[in-house]
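Coordinate inspection notes
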Amino acid sequence: MTTSTETPRRVGVIGLGAMGAGIAQSLRRAGHAVHVYDIRPDAAAAFAAQGGVACACLSDMAAACDIVISVVVNAQQTEAVLYGDGGIAAALRPGSVFVMCSTVDPNWSVAMEARLAGQGILYLDAPISGGAAKAAAGQMTMMTAGNAAAYEACLPVLESMAGKVYRLGDSAGAGSKVKIINQLLAGVHIAAAAEAMALGLREGVDADALYEVITHSAGNSWMFENRMAHVLAGDYTPLSAVDIFVKDLGLVLDTARHSRFPLPLASTAHQMFMQASTAGHGREDDSAVIKIFPGISLPEAK
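Described below are features of the structure shown in this document. These numbers come from a predicted model, not from an experiment.

1. Remarks on the environment of H189
Its place among the elements puts H189 in helix α8 (residues 174-202). By relative accessible area, which is 34% here, H189 ends up partly exposed. Taking the C-alpha atoms as reference points, H189 and G250, separated by 61 residues in sequence, lie 16 Å from one another. Ignoring sequence-local partners within four residues, the contact set of H189 consists of S221 and M223.

Shown next as structure tokens:
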């Protein structure tokens, strides 16, 4: 992470959720002039109280910033940010950069790059990973693709908000493809971790002891270690919700379907998250996928 910069930029951040808030904090610490917008005015006001600028509307941000980073949930919300009522596409100056950090269909990202290019706006396909803590520390991972002009305009900003910025292609699409492959693994690992913990509970194994052993054994994964800690605490406050993996694994399967490529594990994991969502757990932490397993008693909130 860059903690200071000789070329501070006027940067906008749209969406102050778990990742967006951390991104805005990292950029402010690095010396950039950070403007923020969120549908929750109190979230933007809280950031402004720490030294940023809260924008009352998206057009205000577009008028003030050379680079706008969008950290919303999906393609539909991203399109609304750009082309909905008061969207920024009509207000951004030619040569401005739109950095798209959501997990989306790679083909959608390719089309959006072309659409914005027609207005003279640069586009960076830049999904992110690492979680809220790494975003706040400026140590998240960015999977990026875009043309040289987009990189030249915003590379200092990217380096301020991420520990690793991977350049995966000279046009949009490759960043989103790598991100959905990451999401394939993340979703399958969470589903497998939940299945393993559920089996342990069913067999009467002490849950804390199981967690201790697995996290020091070959069967461990980052997702087991991170998400099963939520289960042990009985805390399903959503850092990444079940419905995020309903969406993301759906994108994985849609991408593979176009090329007739089989994904048996991703398909099963997607059905598990779908089942959890249908049972009413869609807005809970994604570790709540463990709640689909019958005949087990989960640890209560501590």
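2. Some details on the environment of S176
Structurally, S176 can be placed in helix α8. With a relative accessible area of 1%, S176 lands in the buried category. Each C-alpha atom, one on S176 and one on I23, is 19 Å from the other, the two residues being 153 residues apart in sequence. Side chain to side chain, S176 and D125 meet in a polar contact 2.6 Å long.

3. Re the packing of α8 against helix α11 (residues 242-258)
At a closest axis distance of 9 Å, the pairing of α8 and α11 adopts a crossing angle of 125°. Relative to α11, α8 is oriented oblique. The crossing of α8 and α11 is left-handed. From α8, I180, Q183, L184, A186, G187 and I190 reach across to α11, where they touch F245, D248, L249, L251, V252 and T255. When grouped by side-chain class, the residues that make up the contact of α8 with α11 number eight nonpolar, three polar and one charged.

4. Section: unusual backbone geometry
Phi angles above zero are rare outside glycine, and R260 is one such case at about 55°. Turning to its location among the elements, R260 is positioned in the loop between α11 and α12 (264-281). Given the relative accessible area of 80%, R260 is considered exposed.

5. Comments concerning helix α7 (residues 148-161)
Taking 1.5 Å as the rise per residue, α7 with 14 residues should run 20 Å; its terminal C-alpha atoms sit 19 Å apart, in good agreement. Of all bends in α7, the biggest is about 60°, found at C154, and the proline P156 comes one to four residues later. The opening residue of α7 is N147, an N-cap whose side-chain oxygen sits 3.2 Å from the backbone nitrogen of A149.

6. Points about the pairing of strand β4 (residues 67-70)
The alternating pattern of β4 places I67 and I69 on one face and V68 and S70 on the opposite face, and all of these are buried. Strand direction decides the pairing type here: strand β1 (residues 10-14) and β4, joined by four bridges, are parallel. The residue of β4 that forms the bridge with I14 is S70. Examined bridge by bridge, β4 and strand β5 (residues 97-100) share four bridges and lie parallel to one another. Across the sheet, I67 pairs through a bridge with V97, a residue of β5.

7. A few points about the pattern of salt bridges
According to the stated counting rule, one finds nine salt bridges in the structure shown. Across the salt bridge formed by D248 and K247, the nearest N and O atoms sit 2.5 Å from each other. The exposure class of D248 is buried, given its relative accessible area of 2%. For K247, a relative accessible area of 21% corresponds to the partly exposed category.

8. A word on the environment of D42
Note that D42 resides in helix α2 (residues 41-48). With relative accessibility at 57%, the residue D42 sits in the exposed group.

9. Structural notes on the sheet that holds strand β6 (residues 122-125)
Read across the sheet, six strands follow the order β3-β2-β1-β4-β5-β6 without closing on themselves; strand pairing throughout is parallel. At either end of the open sheet lies a strand with only one pairing partner, and these are β3 (53-54) and β6. The sheet contact formed by β1 and strand β2 (residues 33-37) spans five bridges and is parallel. Within β2, the position partnered with V11 by the bridge is V34.

Conventions and cut-offs
- Along each chain, numbering runs from 1 in the same order as the chain's sequence is written.
- Two thresholds apply to this predicted model, a pLDDT of at least 70 for residue-level local features and 80 or more for giving and counting side-chain atom pairs, whereas whole-chain, interface and lining totals are computed over all residues.
- Where side-chain values are given, they derive from all heavy atoms of the structure, hydrogens and water being excluded.
- Only DSSP runs of H or I covering at least 4 residues are called helices, and only runs of E covering at least 2 are called strands; the numbering of each starts at the N terminus.
- With a 1.4 Å probe rolled over the protein chains alone, any residue whose accessible area is under 20% of its type maximum counts as buried; one over 50% counts as exposed, and the rest are partly exposed.
- Contact definition: two residues touch when any of their heavy atoms are within 4.5 Å.
- Any pair of nitrogen or oxygen atoms within 3.5 Å is treated as a polar contact; in protein, a donor-acceptor pairing is required on top of that, and neighbouring residues in sequence qualify only through side-chain atoms on both sides.
- For helices, the fitted line uses only the C-alpha atoms of the stretch in contact; every axis is such a line through C-alpha atoms, and the angle between N-to-C directions lies from 0 to 180 degrees.
- Should an angle lie under 35 degrees it is considered roughly parallel, over 145 roughly antiparallel, and from 65 to 115 roughly perpendicular; all remaining angles are considered oblique.
- Take the far helix as your reference; a near helix turned counterclockwise from it by less than a right angle gives a left-handed crossing, and one turned clockwise gives a right-handed crossing.
- As a working rule, the residues Ala, Val, Leu, Ile, Met, Phe, Trp, Tyr, Cys and Pro are called nonpolar, Asp, Glu, Lys and Arg charged, and the rest polar, with Gly in that last group.
- A helix is expected to reach a length of 1.5 Å times the quantity of its residues less one.
- Bend, at a single residue, is the angle you get between axes fitted to the 7 residues ending at that residue and the 7 residues starting at it.
- Strand pairing is defined by DSSP finding a minimum of two bridges between the two strands.
- We define a salt bridge as a side-chain nitrogen of Lys or Arg found within 4 Å of a carboxyl oxygen belonging to Asp or Glu.

All quantities given are derived from atomic positions and should not be read as evidence of function.
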